[in-house]
Amino acid sequence: QVQLVESGGGLVQAGDSLRLSCAASGRTFSTHAMGWFRQAPGKEREFVATITWTLGITYYTDSVKDRFTISRDRTKNTVYLQMNSLAPEDTAVYYCAYCAATARVVDLANGSNYGAWGQGTQVTVSS
């Protein structure tokens, strides 16, 4: 079992920055990738970004590509999401997810490839 704990969410104004963290614990020895997803009120969960654990290959959804940066600290089993130039449309609950199964980077945009999820952290961006 893998447990994920997110932190770093909050209420900010448009144009501000936030950094989310997600610490993994438990049976993390076979980590293939970790990712971030988000779900806005009344909308389906959507992919934000992912990073492969060994090589650090990243993949983003187009709407955040030039504003968000995903990174990982393998010594701490932690993944980060640096979010800059936040906009009201970024308002959502952000979830960290863990993938142990080998998958192509583009396939990591599909939430079904992740076997563990965090509880979520709220990000609210006011205009």
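The notes below deal with the structure included here. (Residues numbered from 1 in each chain as written. Predicted model: local features only at pLDDT ≥ 70, side-chain atom pairs only at ≥ 80, totals over all residues. Heavy atoms only, no water.)

**Brief notes about the pairing of strand β11 (residues 121–126)**
So the rule is basically this: A simple rule labels every residue: compare its accessible area, found with a 1.4 Å probe on the protein chains alone, to the largest value its type can have, and call it buried under 20%, exposed over 50%, or partly exposed in between. Secondary structure elements are defined from DSSP: runs of H or I of at least 4 residues count as helices, runs of E of at least 2 residues count as strands, and each element is numbered from the N terminus. Strands are treated as partners if at least two bridges between them are detected by DSSP.
Of the two faces of β11, only one is covered, namely that formed by T121, V123 and V125; the face formed by Q122, T124 and S126 stays uncovered. Sheet topology places strand β2 (residues 10–13) next to β11; four bridges connect them, and they run parallel. Across the sheet, the residue bridging to V12 is V125, located in β11. In this structure, strand β9 (residues 92–99) lies alongside β11, joined through three bridges in antiparallel fashion. Bridge pairing in β11 links Y94 to T121.

**Examining the sheet that holds strand β1 (residues 2–7)**
Operational definition: Helix axes use the C-alpha atoms of the stretch in contact, all axes being lines fitted to C-alpha atoms, and the angles between their N-to-C directions lie in the range 0 to 180 degrees.
Taken in spatial order, the four strands line up as β1-β3-β8-β7 in an open sheet, and their pairing is antiparallel. At either margin of the open sheet sits one strand with a lone partner, and together these are β1 and β7 (68–73). In this sheet, neighbouring strand axes are inclined to one another by 15° on average, regardless of whether the strands run parallel or antiparallel. Where β1 meets strand β3 (residues 18–26), six bridges bridge the pair, whose relative direction is antiparallel. Counted as the bridge partner of V5 is A23 from β3.

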